[in-house]
Amino acid sequence: MIRYGNIIDDKDPRIREKSEEVPLPLSAEDRAMLEEMLEYLEASQAVSDDEENEDLRPGVGMAAIQLGIPKKICAVLIYETDEDQNVTGETRYGLVNPKIVSHSEKLCYLKAGEGCLSVREEHEGYVPRYQKVTVTAYDALQDCEVTIVARGYHAIVLQHELDHFSGTLFYDHINPEDPFAEIPNAAEIE
Ligand code: NI
């Protein structure tokens, strides 16, 4: 199983590499990698805050390049919870060759900023993202081509993961002069 220690960080030049399109049908090896990525995301989010586990820093998304593999493959696992933190639903993707085919003009950003399993240090500031994106991909979990329309937090996570394919990290988007400068035409996401 993947451990936090298997994930490369931003000191490793591979994190800036461009990822390649993956030939379909998906190889058994790539499918197994995607399953392991999702396993990590699931196990990492099952760790409670007061129990912290150095092997499983929590994440909602992972791109293959974070394992040092320059392929356009990423896993996403986002739980929906109610006020009492009970899980009421989930969004789970094992995406191959995802790409943004259209997006809103309107932007959004996470109020608390973004984090990344490959970024050890904190980088404070707003990361402008499109408020809505339409993504096409092959979803290995459903074994078919999918079109995903995502808004708000889900759209942010997808843009963050797809950025990894071009070697871009979230803090590249933060305004270096004024990290918390108001972003025009942007919705704040809690
Ligand atoms: Ni990341």
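Residues numbered from 1 in each chain as written. Predicted model: local features only at pLDDT ≥ 70, side-chain atom pairs only at ≥ 80, totals over all residues. Heavy atoms only, no water.

Participant: Hey, could you run me through the pairing of strand S3 (residues 87-103) in this one?
Facilitator: Residues in a regular strand point their side chains to alternate faces of the sheet. For strand S2 (residues 73-81) and S3, the ladder comprises nine bridges, and the chain directions are antiparallel. What sits directly across from Ile-78, in S3, is Thr-91. Counting the residues between successive antiparallel strands, the hairpin from S2 to S3 contains five residues, one of them, Gln-85, with a positive phi of roughly 65 degrees. Note that S3 and strand S6 (residues 132-139) share six bridges and pair antiparallel. (Pairing = 2+ DSSP bridges. Helix = DSSP H or I, 4+ residues; strand = E, 2+ residues; numbered from the N terminus.)

Participant: Whenever I open this one, the coordination of the nickel ion confuses me. Can you help?
Facilitator: Any two of four tetrahedral donors ideally make an angle of 109.5 degrees at the metal, while pairs among six octahedral donors ideally make 90 or 180 degrees. Around the nickel ion, the protein contributes the donor atoms Cys-116 (SG), His-160 (NE2) and His-164 (NE2), at 2.1 to 2.3 Å from the metal centre. Along the chain, the residues donating to the nickel ion fall in the pattern C-x43-H-x3-H. Here His-160 pairs with His-164, and both are found in helix H2 (residues 152-165), just four residues apart, close to one helical turn. A relative accessible area of 8% places His-160 in the buried class. Exposure remark for His-164: the relative accessible area of 1% places this residue in the buried category. (Donors = N, O, S within 2.8 Å, 3.2 Å for Na, K, Ca; no water. Buried < 20%, exposed > 50% of the residue type's maximum accessible area, 1.4 Å probe, protein only.)

Participant: I keep staring at the pattern of salt bridges and nothing clicks. Help me out?
Facilitator: For side chains bearing opposite charge, pairing can occur when the charged atoms are close. This model, assessed by the stated rule, comprises 13 salt bridges. Asp-143 is paired through a salt bridge with Arg-31; the nearest N and O atoms lie 2.8 Å apart. A residue pair is termed long-range when its members are at least 10 positions apart, and Asp-143 in the loop between S6 and strand S7 (144-151) and Arg-31 in helix H1 (residues 28-46) qualify at 112 residues. Overall, the relative accessible area of 25% leaves Arg-31 in the partly exposed class. One salt bridge in this structure joins Asp-163 and Arg-129, with 2.9 Å as the shortest N-O distance. (Salt bridge = Lys/Arg side-chain N within 4 Å of Asp/Glu carboxyl O.)

Participant: Got a minute to help me understand the layout of surface pockets in this structure?
Facilitator: Empty space among the atoms can be located by rolling a probe the size of a water molecule over them. Empty space within the largest pocket amounts to approximately 860 Å³. In terms of lining, the largest pocket is formed by 28 residues, of which the most central are Gln-45, Pro-58, Gly-59, Val-60 and Tyr-153. For the lining of the largest pocket, the elements supplying multiple residues, two or more each, are H1, S2 and H2. The greatest single-element share of the lining of the largest pocket, amounting to six residues, is contributed by H2. For the second largest pocket, the calculated volume is near 180 Å³. Tyr-4, Ser-44, Val-47, Ser-48, Asp-49, Glu-52, Asn-53, Glu-54, Leu-56, Arg-57 and Pro-58 are the residues that line the second largest pocket. Looking at side-chain class alone, the lining of the second largest pocket contains four nonpolar, three polar and four charged residues. (1 Å grid on protein atoms, 1.4 Å probe; cavity = no way out; pocket = protein on both sides within 12 Å on 5 of 7 lines; lining within 4 Å. Points joined across faces, edges and corners; volume = space filled by probe spheres on them. Nonpolar A, V, L, I, M, F, W, Y, C, P; charged D, E, K, R; others polar.)

Participant: It is not clear to me how the sheet that holds S6 should be interpreted in this structure. Could you clarify?
Facilitator: As a general point, the strands of a sheet are linked pairwise by backbone hydrogen bonds and lie either parallel or antiparallel. Spatially, five strands are ordered S1-S2-S3-S6-S7 in an open sheet, and the strand pairing comes out antiparallel. Only two strands of the sheet have a single partner each, and these edge strands are strand S1 (61-63) and S7. Averaged over all neighbouring strand pairs, the angle between strand axes comes to 35 degrees, with direction disregarded. Relative to S2, S1 is paired through three bridges, and the arrangement is antiparallel. What sits directly across from Ala-63, in S2, is Cys-74. Contacting S1, S2, S3 and S6, H1 crosses the sheet at an angle of about 30 degrees to S2. The sheet contacts of H2 involve S1, S2, S3, S6 and S7, and relative to S2 the element is tilted by about 160 degrees. (Axes fitted to C-alpha atoms, helices over the stretch in contact; angles between N-to-C directions. Contact = heavy atoms within 4.5 Å.)

Participant: Would you take a moment to explain the sheet that holds strand S4 (residues 107-110) for this structure?
Facilitator: With respect to topology, three strands assemble into an open sheet ordered S5-S4-S8, the strand pairing being mixed. At either margin of the open sheet sits one strand with a lone partner, and together these are strand S5 (129-130) and strand S8 (186-189). Summarising the sheet, S4 and S8 pair through four bridges and their orientation is parallel. The residue of S8 that forms the bridge with Cys-108 is Ala-187.

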